[in-house]
Amino acid sequence: MGHQETLGIKMLRKEYDHIILLAHGSPDPLWKEPFESLYQQVSKVYGDGNVSLAYMELTSPSLEDVVAGLKGDFNTVAVLPLFLAVGRHLRHDVPKQIDALQRENLRIELLPPIGDDSLVKEAMQTVIANHLGKV
């Protein structure tokens with residue numbers, strides 16, 4: 001299932017109306033910069049109306065803020081954690097947040113963290129190899 005392109009902006013996969021990129025959060029404002037940069041790049045490709053950036057804690061906007069601010073007719077929203085692995089937050093805290101945000105006309109689905117993706121694992125191995133030297 002590929003992406004469709006309309007007016008130069010790629011469309012989301014048909015199973016989601018909107019995707020929320022979810023980062024952990026930190027009180028350090030510099031910590032946000034890589035996530036804001038990633039969000040800007042992704043929103044240029046897919047459009048601001050198709051993707052949002054939220055933080056689980058300690059930083060705004062929160063997941064609750066983003067869901068409350070969704071404009072349009074959204075039935076299915078996916079939350080893509082920008083986490084390397086499943087830990088306590090993705091097993092307990094985020095599902096609890098999502099359960100509280102579900103509505104009759106809005107289904108929110110938690111996707112696996114990006115760290116589970118083989119492309120991300122390969123990229124990390126490449127970065128490590130670049131620091132250690134090629135085999």
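Residues numbered from 1 in each chain as written. Predicted model: local features only at pLDDT ≥ 70, side-chain atom pairs only at ≥ 80, totals over all residues. Heavy atoms only, no water.

J.: Sorry if this is basic, but what is going on with the packing of aromatic side chains here?
T.: Two numbers describe a pair of aromatic rings. These are the distance of the centres and the angle of the planes. If you walk through the whole model with that rule in mind, you get two aromatic pairs. Ring centres of Trp31 and Phe35 lie 4.5 Å apart, and the angle between their planes is 35°; on these two criteria the pair is classed as tilted. Taking the relative accessible area as the measure of exposure, Trp31 reaches 26% and is therefore partly exposed. Through pairs of rings, three or more aromatic residues link up here, namely Trp31, Phe35 and Tyr55. (Phe/Tyr/Trp six-rings, centres within 6.5 Å; stacked < 30°, edge-to-face > 60°. Buried < 20%, exposed > 50% of the residue type's maximum accessible area, 1.4 Å probe, protein only.)

J.: Looking at this structure, I do not really get a nonpolar patch on the surface. What am I missing?
T.: Taken together, Leu84, Met124, Ile128 and Leu132 make up a surface patch of nonpolar side chains, about 420 Å² in accessible area. With respect to the element layout, Leu84 can be found in the loop between strand S5 (76–81) and helix H3 (88–101). (Patch = residues over 30% accessible without salt bridge, like charges linked within 9 Å, V, L, I, M, F, W, Y side chains within 5 Å. Areas by Shrake-Rupley, 256 points an atom, 1.4 Å probe, with all protein chains shown as cover. Salt bridge = Lys/Arg side-chain N within 4 Å of Asp/Glu carboxyl O. Helix = DSSP H or I, 4+ residues; strand = E, 2+ residues; numbered from the N terminus.)

J.: Quick question: what am I supposed to make of unusual backbone geometry here?
T.: The amide bond that connects Ser60 to the next residue, Pro61, takes the cis arrangement and shows omega of 5°. Within the secondary structure, Pro61 sits in the loop between strand S4 (51–55) and helix H2 (63–68). Of note, Leu58 is a non-glycine position whose phi angle comes to about 70°, a positive value. For Leu58, the location among the structural elements is in the loop between S4 and H2.

J.: Honestly, the nonpolar core in this entry has me stumped. Any pointers?
T.: Generally speaking, a soluble globular protein has its nonpolar side chains buried in company with each other. Residues Ile20, Leu63, Val77, Val79 and Ile108 are the most contacted members of the largest nonpolar core, which totals 18 residues. The greatest single-element share of this core, amounting to four residues, is contributed by H3. In contact with Val77, other than residues within four places in its own chain, are His18, Ile20, Leu70, Leu106, Arg107, Ile108 and Glu109. Residues Leu21, Ala23, Val51 and Tyr55 belong to the second largest nonpolar core, which totals 12 residues. (Core = buried A, V, L, I, M, F, W, Y, C linked by side-chain atoms within 4.5 Å. Contact = heavy atoms within 4.5 Å.)

By themselves, these observations are geometric and do not establish any function.
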